[in-house]
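# Tertiary structure, described
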Amino acid sequence: MNPRSGDGKVAAFGLKEKVERLGARVVLLDPERHQDVTTLARVAVAAVAAEHGIALLGWVLGASATPTPPPGHARC
């Protein structure tokens with residue numbers, strides 16, 4: 001989450017805490033330093049793939065390991 005986005009609504013509405021209670025892992029971007037969001041996303045995908053099996057990683061990256069997306073998910 002970008003804490004500066006939406007004029008500080010992340011903090012004002014407690015969005016980080018709300019989504020964490022729902023089970024999501026949250027990364028707050030640090031406005032004082034550059035962060036490569038592509039790398040952050042890839043690390044997150046790899047973590048989920050490790051939890052749920054490598055087929056998910058192949059699906060997200062566009063490989064043919066999984067011919068169709070998991071139920072309820074659209075192909076990226």
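Just so it is clear, the model here is predicted, and its values are computed rather than measured. (Residues numbered from 1 in each chain as written. Predicted model: local features only at pLDDT ≥ 70, side-chain atom pairs only at ≥ 80, totals over all residues. Heavy atoms only, no water.)

## Side note on the overall build of the protein
A count of helices and strands for the protein gives four helices and zero strands. Seen in sequence order, the protein has helices and strands lined up from the N terminus as α-α-α-α. Taken across its 76 residues, the protein has 11% of its residues classed as buried. By sequence separation, contacts in the protein at least 24 residues apart represent 20% of the contacts at least 6 residues apart. (Helix = DSSP H or I, 4+ residues; strand = E, 2+ residues; numbered from the N terminus. Buried < 20%, exposed > 50% of the residue type's maximum accessible area, 1.4 Å probe, protein only. Contact = heavy atoms within 4.5 Å.)

## As for the pattern of salt bridges
As enumerated under the stated definition, the model contains three salt bridges in all. The partner of E20 in a salt bridge is K16, with the nearest N and O atoms 2.8 Å apart. One end of the pair is E20 and the other is K16, both in helix α2 (residues 15-21) and four residues apart, which spans about a single turn. Relative accessible area serves as the criterion here: at 33%, E20 is assigned to the partly exposed category. A salt bridge links R33 to D30, with the nearest nitrogen and oxygen atoms 3.5 Å apart. Judged by its relative accessible area of 52%, R33 falls in the exposed class. (Salt bridge = Lys/Arg side-chain N within 4 Å of Asp/Glu carboxyl O.)

## What to know about unusual backbone geometry
Notably, D7 is not glycine yet its phi reads approximately 55 degrees, a positive angle. As for its position among the elements, D7 is in the segment before α1 (9-12).

## With respect to the layout of surface pockets
Roughly 300 Å³ of internal volume is contained in the largest pocket. What lines the largest pocket is simply G23, A24, R25, V26, V27, V37, L40, A41, V43, A44 and V48. Per-class residue counts for the lining of the largest pocket are nine nonpolar, one polar and one charged. (1 Å grid on protein atoms, 1.4 Å probe; cavity = no way out; pocket = protein on both sides within 12 Å on 5 of 7 lines; lining within 4 Å. Points joined across faces, edges and corners; volume = space filled by probe spheres on them. Nonpolar A, V, L, I, M, F, W, Y, C, P; charged D, E, K, R; others polar.)

## Regarding the confidence of the model for the protein
On average, residues of the protein carry a pLDDT of 77, and 68% of them reach 70 or more. Ranking the elements of the protein by mean pLDDT puts helix α4 (residues 54-60) last, at 59, and α2 first, at 94. (pLDDT = per-residue confidence, 0-100.)

## Observations regarding the environment of N2
Relative to the helices and strands, N2 is located in the segment before α1. Spatially, the C-alpha atoms of N2 and V27 are 8.6 Å apart, while their sequence positions differ by 25 residues. With near-sequence residues (within four places) excluded, N2 lies in contact with V10 and L29. Here R4 takes part through its backbone nitrogen, which lies 2.9 Å from a polar atom of the side chain of N2. (Polar contact = N/O pair within 3.5 Å; in protein donor to acceptor, adjacent residues only side chain to side chain.)

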